[in-house]
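A structural walkthrough
Chain by chain, the residues run as shown.
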There are 2 protein chains.
Amino acid sequence: MASQSFIEVKPDSHFSIHNLPYGVFKPQPDSSARPGVAIGDYVLDLSEIAKAGLFNGPILKDSDCFLQPNLNKLLALGRPAWKEARATLQKLLSSTEATLRDNANLRQKALVPLGKVEMILPIAIGDYTDFFSSMHHAKNCGTIFRGPQNPITPNWFHLPIAYHGRASSIVISGTDIIRPSGQGHPSGNSPPPFGPSQKLDFELEMAAVVGPGNELGKPIDVNQAADHIFGLVLMNDWSARDIQAWEYVPLGPFLGKSFGTTISPWIVTLDALEPFACDAPKQDPHPLPYLAEKISKNYDISLEVQIKPAGQQDSCVITKSNFKHLYWTLTQQLAHHTINGCNLRPGDILGTGTISGPEPESLGCLLELTWNGQKPLSLNGTTRKFLEDGDEVTFTGFCKGNGYNVGFGTCSGKILPSVL
Amino acid sequence: MASQSFIEVKPDSHFSIHNLPYGVFKPQPDSSARPGVAIGDYVLDLSEIAKAGLFNGPILKDSDCFLQPNLNKLLALGRPAWKEARATLQKLLSSTEATLRDNANLRQKALVPLGKVEMILPIAIGDYTDFFSSMHHAKNCGTIFRGPQNPITPNWFHLPIAYHGRASSIVISGTDIIRPSGQGHPSGNSPPPFGPSQKLDFELEMAAVVGPGNELGKPIDVNQAADHIFGLVLMNDWSARDIQAWEYVPLGPFLGKSFGTTISPWIVTLDALEPFACDAPKQDPHPLPYLAEKISKNYDISLEVQIKPAGQQDSCVITKSNFKHLYWTLTQQLAHHTINGCNLRPGDILGTGTISGPEPESLGCLLELTWNGQKPLSLNGTTRKFLEDGDEVTFTGFCKGNGYNVGFGTCSGKILPSVL
């Protein structure tokens, strides 16, 4: 039986006492930003808990990491500090612990209704890397862009392919996304067409938030890599497929991606996800020694994408996928990233790439779902090849426990018309 | 005739009163970092000048931008502030101005011998973008990697191709570079070879340092783009060609680049470079309207690469190139970067890509100079296909004025053996 909090957590809530995801919020529009954890319909203000002296473990008792406007200082402290914080908070919020439960003054200051707060980016993001770790996605994209002969490039099965994305344009869930303009592929001898993207897409991803990281020149061993991952967020790596298709050879995606990337406000820790760990897919060929890990695991996280078409009241579920479909694990991604000595810093983001499953109804982007616009999707009596102005896309992700959930909440964004 | 400073500037110095490049330094190992400008063999400590109340123009008199550990706050202020600072400093350093010249106490505090200071990264770099703007380089690389049929991809002449690089591993000149390890291209059905890179290269680049930048969703017009560029640095975008060749399809370079990128400590402002502006190459086909600028200019900056082979005392000049060989201008790069709404922030870096000229002795990397190792270079009685452990690579760049130089100093790094 799951342990309980004195705070009511409804059965369908993502934010049970087993979760306690971290975010950064402002209780009032003019307040300073501070860290919090979600519990039921509330945010627990960690700056108030710290000021009350309740982080009294050996690592955190003298730390000011909860008095910062982002989580980077907590991330830098590493897993022992994260475990200590989790133990402190689970105890403080439990139904059998009087410290907060029976202190009306502190409850008043420290528990803020979720509906009243403004969530902001929880981390200062130094570098954002995007991987390409779903085999189904790689195969579908390769087929669409390069044809059905050898859709997956030979390197894909030997290393977790990745590229650097744009950190500046990462925004928090709820931020509108302006339709980007750019060049598309020319027909014949005409100049390239220019204008608002006609193939605007979402990409269903998750992203790992990096903890302590490493010094330049010192790779992280794959079997220690989990200690450098604080947790996961939902991520929508919006893509303009027409811009991408024209620009990406030979140096990779650039403007087709950099106009915006949305992350969920709540970071669910690896400790909270641990009960939902599952075996990663068998890898064939066997990875090189630096990628061969003793325990190779994924997490069973149910993912869902809804679109609320412009002008409609109701959303429509268009795909259901799962984090466990990824071929390359988070720890392999991180070890590969540092094998050349590249340094990761606290707050860096490692996107998984689009998480497509094997079935047609588990594909993680419209490029795949509509096969590059050839098979429009039906939704609520209308159809979509790609996103239209006013469409709102919402991702949800959660793990189902025994009588409780460990969830990510939502990651959403609405398309605004081009400004050009 | 050039105006003079009361500080001696030797005829071959890069740091005349016409230059005044900005850097960040520590006068003593335990001092705090502060901004400075180079003049002759000295650094002028701008924190001391600010504390003495000598930045007395309307924009800067109440600013604390010179009391920061990096230049980002100055960059955010924009060109009017930069012009005001330049006018203040040129007056203060001129031979006819008594304020600093005749104040022994202030001179003692504010003028520090260049040889005694530690230079550090002058900016906090949010995002680093690397372009691919030399036609000669694009043609040579395309021929080497993909063969002589259509070595330049069709998109290249329509847009300034770029990708996002790694910001965390940008280091200041003088930092050693550890040889990276990684996977290379397999032969036949063997697994990919793994180990220290056998094709370690330099890339002769320069990089623009972004000033105010733009909000997400608001592109910068190409004719206003120069107002968003503070200045230029020399940049060595070290590359592991074997790692790059195996990993880069389809998402672009990643670990082949992210192990280290070196920049020069001094940022030469666009205002100092203005006398050396020259026409950019004619572009055919004519660029799309958003890239068609009223004035299309490059700068006549002589560039040189020297290698000091491991175990030798003397350096050997191996190539001479010039910034003016770039096909796409800095302002076109910046306008293209933002046309999709991508936001640039103060301190972002836009690399030019390798600056190769048309002649065999003006190629900007060993990949081209040795044609991927097929034609070893002779230097000081030894030969090189690619860089060996202990090799030291030094870039120099300067503009020759009438009786003075506007130079960048040097950008150097030495290769250390792999740690794996």
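Below, the structure is looked at part by part. (Residues numbered from 1 in each chain as written. Chains lettered and ligands numbered in written order. Predicted model: local features only at pLDDT ≥ 70, side-chain atom pairs only at ≥ 80, totals over all residues. Heavy atoms only, no water.)

A look at the overall build of chain A
Per the secondary structure count, chain A includes 10 helices and 26 strands. Relative to its length of 420 residues, chain A is compact, with a C-alpha radius of gyration of 22 Å against a globular reference of 22 Å. When the backbone C-alpha atoms are referred to their principal axes, chain A occupies close to 75 × 55 × 35 Å. Put simply, chain A has 420 residues, and 63% of those count as buried. A gap of 1 Å separates the mean positions of the 34 positive and 40 negative side-chain charges of chain A. (Helix = DSSP H or I, 4+ residues; strand = E, 2+ residues; numbered from the N terminus. Rg over C-alpha atoms; globule rule 2.2 N^0.38 Å. Buried < 20%, exposed > 50% of the residue type's maximum accessible area, 1.4 Å probe, protein only. Lys, Arg positive; Asp, Glu negative; His and termini not counted. Charge placed at Lys NZ, Arg CZ, Asp CG, Glu CD.)

As for the relation of the copies chain A and chain B
For the pair chain A and chain B, the best superposition has an RMSD of 0.0 Å and corresponds to a rotation of 180 degrees with a translation of 0.0 Å parallel to the axis. Those values place the two copies in the arrangement expected of a two-fold rotation axis. Within chain A, the C-alpha atom positioned nearest to the axis of rotation is that of Gly252 of chain A, 2.1 Å from it. Both copies contact each other with a shared surface, as 100% of the interface residues of chain A are interface residues in chain B too. (Least-squares fit on C-alpha atoms with pLDDT ≥ 70 in both. Contact = heavy atoms within 4.5 Å.)

Regarding the packing of aromatic side chains
Residues and elements named next belong to chain A. This structure, assessed with the given rule, holds 28 aromatic pairs over all chains. Relative to Phe157, the ring of Trp156 lies with its centre 5.1 Å away and its plane at 80 degrees, an arrangement referred to as edge-to-face. Summarising the aromatic geometry, the rings of Phe157 and Tyr327 are spaced 5.8 Å apart at their centres and angled 85 degrees between planes, so their arrangement reads as edge-to-face. Residue Phe157 is found in the loop between helix H6 (135–146) and strand S7 (162–164), and its partner Tyr327 is found in the loop between strand S21 (316–322) and helix H9 (330–338); the two are separated by 170 residues along the sequence. (Phe/Tyr/Trp six-rings, centres within 6.5 Å; stacked < 30°, edge-to-face > 60°.)

Examining the environment of Tyr128 of chain B
Residue and element names in this part refer to chain B. With respect to the secondary-structure elements, Tyr128 resides in strand S6 (residues 128–131). Under the relative-accessibility criterion, Tyr128 is labelled buried at 2%. With 250 residues separating them in the primary sequence, Tyr128 and Ser378 have C-alpha atoms 34 Å apart. If near-sequence neighbours (up to four positions away) are discounted, Tyr128 is found in contact with His164, Gly165, Arg166, Ala167, Ile170, Met235, Asp237, Thr261 and Ile349.

Observations concerning the interface of chain A and chain B
Taken together, the contact pairs 56 residues of chain A with 56 residues of chain B. Between chain A and chain B, a total of about 5,200 Å² is buried, with carbon and sulfur atoms accounting for 64% of that surface. In terms of surface lost to chain B, no three residues of chain A exceed Arg166, Leu251 and Phe254 of chain A, which account for 15% of the buried area on that side. Where chain A meets chain B, there are 4 salt bridges. Viewed at the interface, chain B and chain A are joined by 26 residue pairs in polar contact (both at pLDDT 80 or more). Among the elements that line the side of chain A that touches chain B, the one with the most residues is S7 of chain A, at 3 residues. (Buried area = accessible area lost by both parts, 1.4 Å probe. Salt bridge = Lys/Arg side-chain N within 4 Å of Asp/Glu carboxyl O. Polar contact = N/O pair within 3.5 Å; in protein donor to acceptor, adjacent residues only side chain to side chain.)

Notes on the sheet that holds strand S4 (residues 111–113) of chain B
Residues and elements named next belong to chain B. Pairing within the open sheet is antiparallel, and its 5 strands lie in the order S4-S3-S2-S1-S5. Edge positions in the sheet fall to S4 and strand S5 (118–120), since each of these pairs with one other strand and no more. Recorded for the sheet is a direction-independent mean angle of 50 degrees between the axes of neighbouring strands. Where strand S2 (residues 34–39) and strand S3 (residues 42–45) come together, 4 bridges link them in antiparallel fashion. Looking at the pairing, Ile39 lines up with Tyr42 of S3. (Pairing = 2+ DSSP bridges. Axes fitted to C-alpha atoms, helices over the stretch in contact; angles between N-to-C directions.)

Some thoughts on the sheet that holds strand S25 (residues 392–400) of chain B
Residues and elements named next belong to chain B. Spatially, the 5 strands line up as an open sheet ordered S9-S26-S25-S20-S21, and their pairing is mixed. Edge positions in the sheet fall to strand S9 (177–178) and strand S21 (316–322), since each of these pairs with one other strand and no more. Alignment of strand S20 (residues 302–308) against S21, held across 6 bridges, turns out to be antiparallel. Directly across from Glu304, in S21, lies its bridge partner Lys320.

Structural notes on the pairing of strand S6 (residues 128–131) of chain A
All names here are of chain A. Residues Tyr128 and Asp130 point to one face of S6 and Thr129 and Phe131 to the other, with burial holding for every one of them. Relative to strand S22 (residues 349–351), S6 runs parallel, the two sharing 3 bridges. Paired with Asp130 across the strands is Gly351, a residue of S22. In this sheet, S7 lies alongside S6 in antiparallel orientation, the contact comprising 3 bridges. By the bridge assignment, Phe131 is partnered in S7 with Ala162.

Describing H6 of chain A
Residues and elements named next belong to chain A. Taking 1.5 Å as the rise per residue, H6 with 12 residues should run 16 Å; its terminal C-alpha atoms sit 16 Å apart, in good agreement. Among the residues of H6, those classed as buried are His137, Ala138, Asn140, Cys141, Gly142 and Ile144. One or two steps after H6, the chain reaches Gly147, where phi turns positive at roughly 100 degrees. (Expected span 1.5 Å × (residues − 1).)

Regarding empty space enclosed by the protein
The full count for this structure, using the stated rule, is 13 cavities of 30 Å³ or more. In this structure, the largest cavity spans a volume of roughly 210 Å³. Considering the residues around the largest cavity, the lining is formed by 21 residues, among which Phe132, His137, Cys141 and Gln244 of chain A together with Leu251 of chain B are closest to the centre. Of all elements in the fold, only S6, H6 and helix H7 (241–247) of chain A reach the threshold of two or more residues within the lining of the largest cavity. It is H6 of chain A that contributes the most residues to the lining of the largest cavity, 5 residues altogether. By residue class, the composition of the lining of the largest cavity is 9 nonpolar, 5 polar and 7 charged. Considered as a void within the structure, the second largest cavity measures approximately 180 Å³ in volume. What lines the second largest cavity is a set of 20 residues, and nearest its centre among them are Leu251 of chain A together with Phe132, His137, Cys141 and Gln244 of chain B. Of all elements in the fold, only S6, helix H6 (135–146) and helix H7 (241–247) of chain B reach the threshold of two or more residues within the lining of the second largest cavity. (1 Å grid on protein atoms, 1.4 Å probe; cavity = no way out; pocket = protein on both sides within 12 Å on 5 of 7 lines; lining within 4 Å. Points joined across faces, edges and corners; volume = space filled by probe spheres on them. Nonpolar A, V, L, I, M, F, W, Y, C, P; charged D, E, K, R; others polar.)

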